[in-house]
Amino acid sequence: MSIRAYLAHLGIEEPLPPTLESLRLVHRRHVEQIPYENLQIMLGRPPSVDPESSLTRVGEVGRAGYCFHQNAVLELVLRDLGFAVERRHGHVWINPEKRADPFLNHLVLVVTGLPTDDNPDGRWWPDVGLGEGFLEPLPLVAGDYVDGPLRFEVTEVTEDGWSFRNDPTGTFTGLEVTSAPTDPMTVLDSHATLSTAPDGVFSRILVVQRRDPLGVDTLRGCVRGRVDGEGRRTTDLTSYDEWRGALVGLGLSLVGVQEAHLRALFDRTLVGHEQWVAAGRP
């Protein structure tokens, strides 16, 4: 029932065969319709990273969360559709000195058994949890990839992992993928670190991101941003109505979120935004 509800949310009513075309369809629909976000964490109620719970949440309220939730949902759905799926350990980094950090902060999937002329090994990287990532799965073949206005690079590909470089406009620099553990307890421990205030990176500022064929939209704090063929543009949203409208405009479901709690989150976010502006927007 949860998988049918998920597919219905994506506008897919018919059963899909485990083909590359189906993989691309599900991936594209997911990133276009289920934003990457940390709303519940910022409201003080981090959602479970249990895959089944995350899948049910998408069907019931239309939200997933960040990568641990998003890619876990996709894994369940793809396995149910008959795809061969493997997990990998991911570490997203901004500064080069953090590239080799062994901390799990990104759940990575590999789909196998789908060879093409350009990808004879048949290994693909679907990832609906990068927020500003790619519209369709990337082949696990070293090279540069053009995705609308964005440019990505995959290097150092082995059976166990690879390196990824994000588009220069992105909010992170790269991702290192290895075969380190991704068992439920490891994911749970990492989730606690990532989502617990005040140090957890997902507990500091609200982030909502969504891809579309022409680019990527982001709301970070009180700043709405757009990257597309015209470049990068930002707008400050300093009224509650503007800010709430941006959440809805990015496709973020507010089902089950009390208006008073959302307004309180905006008030806190605006204080942080004003302090950031006063400090010169560092």
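Only a predicted model underlies this, so the values are computations on that prediction, with no experimental measurement involved.

**Student:** Any chance you could explain the nonpolar core here in plain terms?
**Tutor:** Generally speaking, a soluble globular protein has its nonpolar side chains buried in company with each other. Tyr 6, Leu 23, Val 26, Val 77 and Phe 83 are the most contacted members of the largest nonpolar core, which has 27 residues in total. Elements supplying a minimum of two residues to this core: helix H1 (2-9), helix H2 (20-33), helix H4 (51-61), helix H5 (67-81) and strand E3 (106-112). Among the elements that take part in this core, H5 stands out by supplying 5 residues, more than any other. Filtering out sequence-adjacent residues up to four positions away, Tyr 6 remains in contact with Val 26, His 30, Ile 34, Leu 55, Val 58, Val 73, Leu 74 and Val 77. Counting 20 residues, the second largest nonpolar core, distinct from the first, contains Leu 206, Tyr 240, Leu 247 and Leu 262.

**Student:** Whenever I open this one, the packing of aromatic side chains confuses me. Can you help?
**Tutor:** Within a pair of aromatic rings, the relevant descriptors are the distance that separates the centres and the angle that separates the planes. According to the stated counting rule, one finds 12 aromatic pairs in the structure shown. On the basis of an interplanar angle of 70° and a centroid distance of 4.8 Å, the ring pair of Trp 125 and Phe 134 is categorised as edge-to-face. Judged by centre distance (5.8 Å) and plane angle (65°), the ring pair of Tyr 240 and Phe 266 falls under edge-to-face. Taken together, the residues span a long stretch of sequence, with Tyr 240 in helix H7 (residues 240-249) and Phe 266 in helix H8 (residues 259-278) at a distance of 26 residues. There is no split in this pair, since Tyr 240 and Phe 266 are both buried. Here the aromatic cluster, defined as three or more aromatic residues joined through ring pairs, consists of Trp 125, Phe 134, Phe 152, Trp 162, Phe 164 and Phe 172. Arg 263 extends its terminal NZ or CZ atom over the ring of Tyr 240, reaching a point 4.0 Å from the ring centre.

**Student:** I would appreciate a short explanation of the environment of Asn 119 in the present structure.
**Tutor:** Here Asn 119 is to be found in the loop between E3 and strand E4 (124-125). Residue Asn 119 is classed as buried on the basis of its relative accessible area, which comes to 2%. Put simply, Asn 119 and Val 141 are 22 residues apart on the chain and 6.8 Å apart in space, counted from C-alpha to C-alpha. Excluding anything up to four places from it in sequence, Asn 119 contacts Leu 114, Trp 124, Pro 139, Leu 140 and Val 141.

**Student:** Is there a simple way to explain the pairing of strand E9 (residues 174-178) in this structure?
**Tutor:** Within a regular beta strand, the side chains point alternately toward one face of the sheet and then the other, so they alternate between its two faces. In terms of burial, E9 is a largely internal element, 4 of the 5 residues being buried. Where strand E2 (residues 84-93) lies against E9, 5 bridges are found, and the strand directions are antiparallel. Within E9, the position partnered with His 91 by the bridge is Glu 176. Strand direction decides the pairing type here: strand E8 (residues 162-165) and E9, joined by 4 bridges, are antiparallel. The partner of Ser 163 across the bridge, within E9, is Glu 176.

**Student:** Please explain the pattern of salt bridges as it appears in this structure.
**Tutor:** Between side chains of opposite charge, a pair can form as their charged atoms come close. For the structure shown, the criterion picks out 18 salt bridges. For Arg 28, the salt bridge goes to Glu 136, with nearest N and O atoms at 3.0 Å. You can see Arg 28 sitting in helix H2 and its partner Glu 136 sitting in the loop between E4 and strand E5 (138-139), a full 108 residues away along the chain. By relative accessible area, Arg 28 is classed as partly exposed at 27%. Accessibility expressed as a relative area gives 27% for Glu 136, which makes it partly exposed. The closest approach of N and O atoms between Arg 233 and Glu 230, which form a salt bridge, is 3.8 Å. Look at Arg 233 and you get partly exposed, because its relative accessible area is 36%. Residues joined by salt bridges that share partners form a network here, namely Asp 212, Asp 217, Arg 224, Arg 226, Asp 228, Glu 230 and Arg 233.

Here is what the cut-offs are and how they apply
Residues numbered from 1 in each chain as written. Predicted model: local features only at pLDDT ≥ 70, side-chain atom pairs only at ≥ 80, totals over all residues. Heavy atoms only, no water. Core = buried A, V, L, I, M, F, W, Y, C linked by side-chain atoms within 4.5 Å. Buried < 20%, exposed > 50% of the residue type's maximum accessible area, 1.4 Å probe, protein only. Helix = DSSP H or I, 4+ residues; strand = E, 2+ residues; numbered from the N terminus. Contact = heavy atoms within 4.5 Å. Phe/Tyr/Trp six-rings, centres within 6.5 Å; stacked < 30°, edge-to-face > 60°. Lys NZ or Arg CZ within 6 Å of the ring centre and 35° of its normal. Pairing = 2+ DSSP bridges. Salt bridge = Lys/Arg side-chain N within 4 Å of Asp/Glu carboxyl O.

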